[in-house]
Amino acid sequence: MEKKIIDWETAIERLGGDKEFLVELLNELVDQIEQSLPELKTAIEQNAFEEVRSVAHGLKGAAANLGADKISAKFYELEVMGKEEKLDGALEIFNEIVQLHEELKQELS
């Protein structure tokens, strides 16, 4: 069975049962990702390893804390690639993140 875009049960539990607050935080995450996508793509295209690592690291943590584990895992992949200074395949992962970002937006609409 494929994982859902958001692990609602776990995320709501982390926030003490406050689903409204979770939705608010997830909408902020969607905005944060949207604002970071152009910077992240440029960093990948320019082999700016530290920038890729840094941007991916921040978004990975934010997504993981809110139960968005699928997108968090993709940011983790980019973070490791930036750390190892090997960005082969990074644009494919970036495109997967764009798709997951769209799924996240749809889940919240």
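Keep in mind that this is a model prediction, so the values were computed, not measured.

Caption draft 1: Representation of the overall build of the chain in the model. Scanning the chain from N- to C-terminus turns up 5 helices and 0 strands. In the chain, the order of α-helices and β-strands from amino to carboxyl end is α-α-α-α-α. In summary, the chain has a C-alpha radius of gyration of 14 Å against a globular reference of 13 Å for 109 residues, a match within 12%. In terms of principal-axis extent, the alpha carbons of the chain reach across some 40 × 25 × 20 Å. By the burial criterion, 39% of the 109 residues in the chain qualify as buried. For the chain, the share of sequence-separated contacts (at least 6 apart) that also reach a separation of at least 24 residues comes to 65%. Taking the 12 positively charged and 25 negatively charged side chains of the chain as two groups, their mean positions are separated by 4 Å.

Caption draft 2: Expanded view of a negative patch on the surface. A contiguous patch of negative charge, built from Asp18, Glu20, Glu24, Glu28 and Asp31, is present on the exposed surface. Within the secondary structure layout, Asp31 lies in helix α2 (residues 19–45).

Caption draft 3: View of helix α5 (residues 90–108). Its 19 residues give α5 an end-to-end C-alpha distance of 27 Å, which sits within 8% of 27 Å, the value for a rise of 1.5 Å per residue. When we look at burial in α5, the residues that qualify are Ala90, Ile93, Phe94, Ile97, Leu100, His101, Leu104 and Leu108. Looking down the long axis of α5, one finds its buried residues gathered within 120° of arc, a one-sided arrangement. Buried residues belonging to α5 abut α1 (8–14), α2 and α4 (69–84).

What counts, and at which threshold
- Residues numbered from 1 in each chain as written.
- Predicted model: local features only at pLDDT ≥ 70, side-chain atom pairs only at ≥ 80, totals over all residues.
- Heavy atoms only, no water.
- Helix = DSSP H or I, 4+ residues; strand = E, 2+ residues; numbered from the N terminus.
- Rg over C-alpha atoms; globule rule 2.2 N^0.38 Å.
- Buried < 20%, exposed > 50% of the residue type's maximum accessible area, 1.4 Å probe, protein only.
- Contact = heavy atoms within 4.5 Å.
- Lys, Arg positive; Asp, Glu negative; His and termini not counted.
- Charge placed at Lys NZ, Arg CZ, Asp CG, Glu CD.
- Patch = residues over 30% accessible without salt bridge, like charges linked within 9 Å, V, L, I, M, F, W, Y side chains within 5 Å.
- Areas by Shrake-Rupley, 256 points an atom, 1.4 Å probe, with all protein chains shown as cover.
- Salt bridge = Lys/Arg side-chain N within 4 Å of Asp/Glu carboxyl O.
- Expected span 1.5 Å × (residues − 1).
- Arc of directions from axis to C-beta.

The quantities given are spatial measurements derived from coordinates; they are silent on function.
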